[in-house]
Every structure is written in C-alpha cells, then in structure tokens.
Amino acid sequence: MNQYILTLITFIPLAGALVILFMPKEKVVLIKVLGVITTFICLVLGTVLLINFNPNNPAMQFEQRLQWIPQLNIYYYMGADGISVPMIFLTVLISFLACLASWGIDLRVKEYFVLYLLLETGMVGAFSALDLFLFYVFWELMLVPMYFLIGIWGGPRKEYAAIKFFLYTLTGSVFILLGILALYFKSEPHTFNMLELVSQGNLFGARFQWLVFLALFLGFAIKVPVFPFHTWLPDAHVEAPTPISVILAAVLLKFGAYGFYRISYPILPDAAHRFVPWMALLAVIGIIYGAFVAMAQKDIKKMVAYSSVSHMGFVLLGLAAFTLTGFNGGYFQMFSHGILTGGLFLLVGVLYDRTHTRDLDSFGGLSSKVPRYAFVLTIISLGSLGLPGLSGFVSEFMVFFGAWTVLKAHTIISVMGIVITAGYMLYMLQRVLLGPLNEKWKDIPEMNARELITLIPLVIITIVIGVYPSVLLRLINPTMTDLIVKVGGIMR
Amino acid sequence: MNMTSSLIYILPEIIILTFALLAIIVEPFTKLKRLIGVLSLLVLTLALIVLVLSACRGAIGGSLFYGMLTLDPFSIFFRIISIITSGVVILLSIGYTPLHGDSEGEYYSILLFITIGMMLLVSSSNLLMIFLAIEYVSIASYILAGFMKKDPKSSEAALKYFLLGGLSSGVMLYGMSLLYGWTRSLDISEIYMALDSGSIPIPVIIISIAFLLAGFGFKLALVPFHMWTPDVYEGAPTPVAAFLSVGPKAAGFAVLVRVLLVGMGGDMQSHWVPILAGLSILTMIVGNIVAIAQQNIKRLIAYSSIAHSGYILLGLVISNRMGLEAILLYLLIYLFMNLGAFGVVIIVSNSIRSDEIKDYAGLSQRSPLLALSLAIFLVSLAGIPPTAGFLGKFYIFAACIEAGYAWLAVIAIINSIVAAYYYFKVVRMMYLVEPEEIGVIRGDVGSCMALFFTLALTIIIGIFPGPFVSLVERSIHILGM
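Because the structure is predicted, anything quoted here is derived from the model rather than measured.

Here we look at the overall build of chain A
Now for step 1: Of the regular secondary structure elements, chain A holds 19 helices and 2 strands.
Now for step 2: Here the C-alpha radius of gyration of chain A, 21 Å, is about what a compact globule of 492 residues would show, namely 23 Å.
Now for step 3: Referenced to the eigenvectors of the C-alpha coordinate spread, the extents of chain A come out at roughly 70 × 60 × 40 Å.
Now for step 4: Expressed as a percentage of its 492 residues, the buried residues of chain A come to 63%.
Now for step 5: Considering only contacts within chain A whose residues lie at least 6 apart along the sequence, 81% involve residues at least 24 apart.

What follows is the structure, given as structure tokens:
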C-alpha cells in the first residue's frame, strides 16, 4: 500500500475526470456527486498518508520508482518526506472543500469538473514527484486546466486574467526547464533524480549554481509570487470563481516556496547563501508592499489577494534566515496561509453569492443578520492577522524568531507588516460586520450546511495548530533539520 | 551496388510507382474516383510493411545504384515518415469536398508520385540525384497547390509557388555547380574529401554553402525565404497545405542534414554553423511574431510551421548526437501534431466553409470532441506537457544546453512563450467565446480516422516516449558520417 499510495492519490482524480468525460453532460447532479466522491477518496487517502508517515525519519518515504524514459535516465519516481506530506494533505483537503464549494457552478458543469480533477492530479503529482522531469510535467499539467477554469467560469475580465496567468506562469516554468536541463547535463552520471542531485550538489561550481539558481528563482518567484512578479495574482484571484481562487491561494502559491525547499536550496546551497540579501529584501518588500496595497482595496477579494503577497513574504523571510526556526516558520506559514486564505476566499464567495457585490463599502452590520458567518469570518481574519492562539501567529513568530539574529533590520521592518495587516483585516471586519446594518441586506440568508462544512475544518485546523503547533512541527522538523544540515544553515 | 541488385532495396518505391502509374491509366475510364484514394492508402500500407520488414531483416546499410542512393537507418526513418505523411493526408483528402470532381483520381496519383520523390530525396547522396528528387517533389507540389483550378486563390498559390520555387532551384543548382566545378565530384562523400584536403579556397566553400542554403531554405520555409508559405497554405486545398507543411519539410531536413553533415562535416562545420544559427533565430522570431497577427487559421499554422522549422534547425546547428536525435524526434512528433491540427481545420472548413479564426467561436459547444482534439494539438504545438510536442522541444532545448549554447535555448524558449500566446488565441476562441451559430460539425470517416490516429500518437509519444526515442536513437546513423 505504502508504495502505491502517492500514485493512487495522484491518479484517482484523473480517473474520475475520465469517467466524467464520458458521461452525458445533462447529468449535472451525478457529475457533481462524482467529483465530490473522487476528491473525498483522495482526502481519505491523504489522511492515511498522514497517519502512515513516520515523522522521525527524515528520509523519503512511500517511494515508488519505475523506469520511464530509460534513454535519458528518467524515472517515474514518487516519494514524500516532511516537506511534501503536509502539502499533499493540504492539497487533498482544499481540493475536497473547494469541490464542495463548486456545487453552485451551473455553467458547463461537465467540463468544469473534468478540468478541476485534472488540476488536482497535477497538484498532488508535483508535490510527490522526486524526478525533476516528472515534476516539470506535473507542474505544467496544472497550467492548462487553470487557464480554462479562470477563463470560462471567471468574472468579467476573465479572459485577460486567464491569459495573463497562463503567460506569466509559462514564462516562469520554461526557465525552470532550462535550470533543470542545466542540472541534468552538469550531473555525472546525468540524472533528473532530485536526491542524487542533492548529493552531487557540492560538486557544482559557484557560477553554475548562481545561474541555475536564478533561472529556477524566476520560475518559483512568479508562482509565490515575489514582488515584482506578482502582478498576475490580483487579476487571477479576483476573476477566478470562488473555488478556483481558493485552490490558487491555498495550493498553487505554495509551489513557489515548495520549489525553494525541495529543489533550489538543497541542490544549490551555495547560490542560496549568496542570494540571501536579495531574498530578504524581496521578502520585506513583499510583506510591506502587499499589506499597504491590500489596505487600499475597496474590493474585498482584491484585498485578500494582496494579503497573499504580504503573507507569502514571511515564507521568503523564513527561507532567507537560513536557520532551523526560520525554515520551520516559513513552512508553517505556507500551511497556515493555505488554510486561512483558502478560508477567506470561501467566505468572500459566500458573501458574493448572496449580495453579488464585493465592494467593501456596500456592506455593514451584517453580524446581526448572519452571526455564524460573522463568527467564522472573525476567526479566520484574526488568524490571518496573527492573533496568538491561531496558526498565523505561530508561523510569523517563528519566522521572526528565526530571522532576528541574522537579519535584524529586515525583521524589524517586517514586524510593521503585522501592524498593517491587523489594520486592514480589522478595517475589513468593521466595514462588513459592524456598524449600522445596510438596509439592502436585511433579508440576507445565513450560511447553509454545505458552506459550513467547507469552512469548519479550516477553523478547527487553524485553532488546533495555533494552540498546539507541534502537531504540524513534529511532521516537518526532522526533515527541516536534515535540510539545514545539507545547506549549511544555523541549527537554531 | 549495381542496378539490378539495388532494385530489391527500393521495393516500396516500386510498389507505389506501379500503382500510381496504373491509377493514372485507369483513372479516366472509371467513375469510382474515390476508390483510387482508398486503394492508394492500401498500397502505402503495403509499402510501409515491406519497408519495415526489410529494415527489420537487416537491409540497412550500403549504397545503391552506384552511389546515387544510400540505404541507412537515417533514410529508412525518413522513408517511413514520408509514407505515413502521405497516408494521413490521403485519409484527410477523401472527405474534402472541394477536391471532389473529375480529376479526383489524379490527385491521389500525384500524391503517390510525390511520396516516391520524397523517399528518393531522403536517400540521395549525390548532388545530381538530390537536385532531381527536389525538382520532382517541387513540380508535383506546384500542381497540387493549384489543384482547385476554378479557385483563383489556389491558382495564385500555385503560380507564386512555382515562380519562387523555380528561382530557388536555380540558385541551389548554381551552388551545386560551384561545388562540382571545384571538387570534380557529385558524390557528397567525395566532395567532403575534396573539401577536407584544403585545396579549395574558403570563399568558394562559403559561397556554395550560401547558395545551397538559399535553395534548401526555400523548401524548408526558412526566413528570409519563407514568403511563399502563408499564401500557398491559404490558397492550396487544405489537405495539400497539410501535406506541404510536413512531408516535403521533413524530406528537406533529411537531405539538408545529410549534405551538411556528410558533405561538409568535420572542420567545415565552422563555415555553416553560424549561418545556420542566424537563419534559425531569424526563422523562429519572424515566424512567431507574424503568427500573432493572423486571422486565418491556415495562415496561422503556416507561420507557426515556419517557426517550427526554426526550432528544428537548432538541432542541426548543434549537430551533436542529441541535436540529431532532436531533429528526428521533433519531425516525427511534428508530423502527427501538425497533420492533426490540419485535420480539424479540414473538417471544420468542410462544414462551415471558412478558415477564419473567429468562426471557431464556441466550437467546444458545437462539437466538443473536435475542439478537444484541436486544443490538444495546439497545446502540443506549443510544447506543453504531457503532450508529444513537449518532448520535441525538450530535446531541442536539451541539445542546446548540452552543447553549451544556453543562449540559443533562451531564445528558443522565449519564442515558445510567444507561440503559446497565439495558439491559445485559437483555444480561447473555441472555449471561452460563445458560438454565434449552433449546429453540430461532424467529420467524415476518413478524416476522423486520421484525427484519431494523430491524436493517439500525440498523446502516446508524450506519455510513453521510450520506444519512439529508441527508434530515433537507432535512426541517426548516417552512412558516411
């Protein structure tokens, strides 16, 4: 079982997509049920993966290795360690929840679920692949479904947003391809195997490492997104339909940071060291700039989108710190951001479904009408602004703690980001929930059971890992310790 | 090998030739013109089987007809490609209504004749034979381009193709005569020895290479010799355009590779590599940039096919082992994806009588399978995994990186992003724009079979490339290199 579990989680959505492809498009309910069942099976398998994962072993687990293209020494090589397991779990969880949230889709339902499931295959595959060629194939597999999902089911400027997302990401990924090829031909014997490349990494010269690091950085930075490569993000997030915004924010953005943890840092440690000043600088710019721009937004979805730029900056700061706590904190932030921002986009979707507006100034006093909604929105927003006891606080605290000794000035400025974040989050809560009730919404219905089901798991997770962070840290710490040793960082 | 003992090795060509001649004779006396098409398909299949069997039995090395033709894995690979191309094109032509009429039977015979021409061309190792084979293929192509006699666009295409083609042949012949005059040989291996001896002045070598490249550049639609391509593709019957974009191009690459690597390999490479690199960059950039503005899908594919020539040429610029493999693999993949894309265009134009991209609006709702097929072909042409097109691009980029030409890879990569943009313009039309008309578009049996075949291979090569890569690895052995 352990050998095949990653393959199963990866390809069950594909199988589901193929089944749906051959169903008549009129059977809308059946297609939706099938989509939900497929993602649920993946969630169950993802939970099994989490349970069977041995966190004390920093080596790869659940490995499966099959020859794929023998002439180029390419393998179908899947495996997971502390860096991938939480991300795979996050992916299957968010995919399931967002699939439930897709229940409201009524345009071209069949195509939607086919593409949606295809996207899930790409995401899980990219988190599990240990062969760079395979990784790249899965990475690109996410691209085309996403183009359609934004372009067909999106908002008014969907076409622009879709092609912009597509071209930005494609540009990034072809540079990743260049980097991968350079690594392949530099390694001896030529290999795409990430683990072998890690062990050969110190043989690569400084200049070579630097160039490859830059090529990979471009690809990953666009995905994170790092300032100034972030301009696709507000368009894509705002125009995408709610479930897809959730997937984008909660899972897709993680691939950029995952790429640093999995590929750039362990394989090119010297270049990563040299890049620290830039990484730290871009992190700080992202945190402060993203927060300020978020504060200025009138569109609630755009505000959440820019808050992602700011929050992902903390991941970069953790990476720049080169300390164990920094790495752990950055990773914790990835997970926490996935949960919280996924939740925020779901909540924005709930509101939009009822009011058909996202203008922050058009709400007001909703807490009296929809108390359950108000409760969930408050928890998630507070988590996002870093209230102690919720997951956002833990990750930000760890990042600051990890970065403080090495990057004092950067840390001090970044702490300001928290203040600004608190500012725009509370301002948002105030404008939506508090104040006098806008008479237009006096009949606004409360959240229904389906919407609650999509949000409650996220609330629970953010509280649990906020109060008792070792649930997550226990999983990642041994692998991160191993990584810190490999890249020659500070063990603190 | 002498005449009679060589004959057995060109049995596939003889089979095709016999049938084509018979068809020409019988054609005026029969009403069942389409039957000739079906029979041609069977004959091509037979020829393919004979070819593959003889290759499997070890008939893969040696020169035929006193050195006029060469029998090596490289030529066998391209003969197979020629036959498959013609077969798919015939499948696509059978249901193409504008071709139906009195002369339909001739059309299939001419296609068969071209097939023979291409098969001879890819085996030629003698400048005279090369020239004759090129002219043979070209003249038949002119006829096919103008096959719809009543359509002024088709006639214009043929005339333009003929005039420019004639000019380029003349230029190429001049280059060949220069080489012959200085080296006193037409055989490319002997030319190599003469050139390598160092007795021939460098300017002469460079000038003859330039003239040769101008001729080949025309056949391969390399910029700046590409002017004919969009007009011919637009005016010619669509199956012919499909054929021209793949068949003669593959054959042209084969003979270019042979002439340059056998006849001017070794130290001589430094004379043509920079020229070729420049041509390749120019071809990619111009092809891709001009393609963005196209409103007609045939013109769009025409410019995209120019750009693809540029990528393939990179393989020859590198011309190490991986570069050669990249050329062969790319051409094999390009055959399926480009013919497939043309297949959808043929089916759509049969039904709505238009090749304008805007008329593809909402195709995904009118005809989901057709739209999905075209989308997969375009994704493959754009080089996005897990389709076959990615593998082709991957090999080209890999060859560049391996040889240390990272900057060439960067140029190619930037070009492939531009290409993705215009391919997705069509995808956008099909999926994101609502249809103006409703009504299902259906293809005929032949085109659907062709579509299924090309689609299956576009996906299979992308996901299980192993056997195809090993086929290519075995096929890069060129005699005399």
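Picking up where we left off.
Some details on the overall build of chain B
Now for step 1: Helix and strand counts for chain B come out as 20 helices and 2 strands.
Now for step 2: Its C-alpha atoms give chain B a radius of gyration of 21 Å, near enough to 23 Å, the size a compact globule of 481 residues would have.
Now for step 3: Seen along its three principal axes, the alpha-carbon backbone of chain B occupies a region of about 70 × 55 × 40 Å.
Now for step 4: Across the 481 residues of chain B, 60% fall into the buried class.
Now for step 5: For chain B, the share of sequence-separated contacts (at least 6 apart) that also reach a separation of at least 24 residues comes to 81%.

Details of the packing of helix α8 (residues 188–196) of chain B against helix α11 (residues 238–263) of chain B
When two helices pack together, their arrangement is given by the angle between the helix axes and the distance between those axes.
All names here are of chain B.
Now for step 1: At their nearest, the axes of α8 and α11 sit 8 Å apart, and the two run at 40 degrees to each other. Contacts from Ile188, Ser189, Ile191 and Tyr192 of α8 reach α11 at Arg258, Val259, Val262 and Gly263.
Now for step 2: For the contact of α8 with α11, the per-class residue count stands at 5 nonpolar, 2 polar and 1 charged.

Looking at unusual backbone geometry
Now for step 1: Here the bond from Val224 of chain A into Pro225 of chain A is cis, since omega is -10 degrees, no more than 30 degrees from zero.
Now for step 2: Mapped onto the elements, Pro225 of chain A comes out in the loop between α9 (206–223) and α10 (232–239).
Now for step 3: Of note in the backbone geometry, Arg353 of chain B takes a positive phi value of approximately 55 degrees without being a glycine.
Now for step 4: As for its placement among the helices and strands, Arg353 of chain B is situated in the loop between α14 (321–352) and α15 (363–366).

What to know about the environment of Ile306 of chain B
All names here are of chain B.
Now for step 1: Along the polypeptide, Ile306 turns up in helix α13 (residues 297–318).
Now for step 2: Sequence separation between Ile306 and Ser245 is 61 residues; the distance between their C-alpha atoms is 8.9 Å.
Now for step 3: Leaving out residues up to four positions away in the same chain, Ile306 has contacts with Ala221, Val223, His226, Thr229, Thr283 and Gly287.

Points about the pairing of strand β2 (residues 74–80) of chain A
Residue and element names in this part refer to chain A.
Now for step 1: The buried fraction of β2 amounts to 6 of the 7 residues, a majority that puts the element mostly inside the structure.
Now for step 2: Here strand β1 (residues 61–69) pairs with β2 via 6 bridges, running antiparallel. Each residue of the ladder has a partner; that of Leu66, found in β2, is Tyr76.

Observations regarding the environment of Phe213 of chain A
All names here are of chain A.
Now for step 1: Among the secondary structure elements, Phe213 is positioned in helix α9.
Now for step 2: Look at Phe213 and you get buried, because 23 C-beta atoms sit within 10 Å.
Now for step 3: Sequence separation of Phe213 and Gly179 is 34 residues, and the distance between their C-alpha atoms is 7.5 Å.
Now for step 4: Here Phe213 is in contact with Ser264, Leu268, Ala271, Ala272 and Phe275, once residues within four sequence places are set aside.

Quick word on the interface of chain B and chain A
Now for step 1: At the interface, 24 residues of chain B touch 24 residues of chain A.
Now for step 2: Secondary structure elements with two or more residues in the side of chain B that touches chain A: α17 (388–402), α18 (406–431) and α20 (466–475) of chain B.
Now for step 3: In terms of residue count, α18 of chain B provides more of the side of chain B that touches chain A than any other element does, 10 residues in total.
Now for step 4: Of the residues assigned to the side of chain B that touches chain A, the class counts are 18 nonpolar, 3 polar and 3 charged.

Considerations on the nonpolar core
Now for step 1: By size, the foremost hydrophobic cluster in this structure holds 396 residues, and its most contacted members are Leu149 of chain A together with Leu329, Tyr330, Leu331, Leu378 and Phe397 of chain B.
Now for step 2: A total of 22 residues in this core trace back to one element, the largest contributor, which is α14 of chain B.
Now for step 3: Discounting residues that sit within four places of it in the chain, Leu378 of chain B has contacts with Ala341, Tyr423, Val426 and Val427 of chain B.

Comments concerning the packing of helix α1 (residues 5–21) of chain A against helix α4 (residues 109–128) of chain A
Residue and element names in this part refer to chain A.
Now for step 1: Two elements in contact, α1 and α4, have axes separated by 8 Å at closest approach and are oriented at 165 degrees. Considered as vectors, α1 and α4 are oriented roughly antiparallel to each other. Where α1 crosses over α4, the handedness of that crossing is left-handed. Contacts between α1 and α4 pair Leu6, Ile9, Thr10, Phe11, Pro13, Leu14, Gly16, Ala17, Ile20 and Leu21 from the former with Lys110, Phe113, Val114, Leu117, Leu118, Glu120, Thr121, Val124, Gly125 and Ser128 from the latter.
Now for step 2: Residue composition of the contact of α1 with α4, grouped by class: 13 nonpolar, 5 polar and 2 charged.

Overview of helix α17 (residues 408–433) of chain A
All names here are of chain A.
Now for step 1: For α17, with 26 residues, the first-to-last C-alpha span of 38 Å sits near the 38 Å given by 1.5 Å per residue.
Now for step 2: Regarding α17, the residues found buried are His410, Thr411, Ser414, Gly417, Ile418, Thr421, Tyr424, Met425, Met428, Val432 and Leu433.
Now for step 3: Of the surrounding secondary structure, the elements contacted by the buried residues of α17 are α12 (269–295), α13 (300–321), α15 (371–385) and α16 (391–404).

Quick look at helix α2 (residues 11–26) of chain B
Now for step 1: Compared with an ideal rise of 1.5 Å per residue, which puts 16 residues at 22 Å, α2 of chain B spans 22 Å between its outermost C-alpha atoms and is within 8% of the ideal.
Now for step 2: Looking at the buried positions of α2 of chain B, the neighbouring elements they touch are α3 (33–56), α4 (73–94) and α5 (104–123) of chain B.

Digging into the environment of His273 of chain A
Now for step 1: Along the chain, His273 of chain A falls in helix α12.
Now for step 2: Sequence separation between His273 of chain A and Val487 of chain A is 214 residues; the distance between their C-alpha atoms is 8.3 Å.

A closer look at the confidence of the model for chain B
Now for step 1: Summarising the model, chain B shows a mean pLDDT of 91, and 99% of its residues fall at 70 or more.
Now for step 2: We note a pTM of 0.95 for the whole complex and an ipTM of 0.93 for its interfaces.

Conventions and cut-offs
- Residues numbered from 1 in each chain as written.
- Chains lettered and ligands numbered in written order.
- Predicted model: local features only at pLDDT ≥ 70, side-chain atom pairs only at ≥ 80, totals over all residues.
- Helix = DSSP H or I, 4+ residues; strand = E, 2+ residues; numbered from the N terminus.
- Rg over C-alpha atoms; globule rule 2.2 N^0.38 Å.
- Buried ≥ 20, exposed ≤ 12 C-beta atoms within 10 Å, placed from the backbone.
- Contact = placed C-beta atoms within 7 Å.
- Axes fitted to C-alpha atoms, helices over the stretch in contact; angles between N-to-C directions.
- Nonpolar A, V, L, I, M, F, W, Y, C, P; charged D, E, K, R; others polar.
- Pairing = 2+ DSSP bridges.
- Core = buried A, V, L, I, M, F, W, Y, C linked by C-beta atoms within 7 Å.
- Parallel < 35°, antiparallel > 145°, perpendicular 65-115°, else oblique.
- Left-handed = near helix turned anticlockwise from the far one by under 90°.
- Expected span 1.5 Å × (residues − 1).
- pLDDT = per-residue confidence, 0-100.

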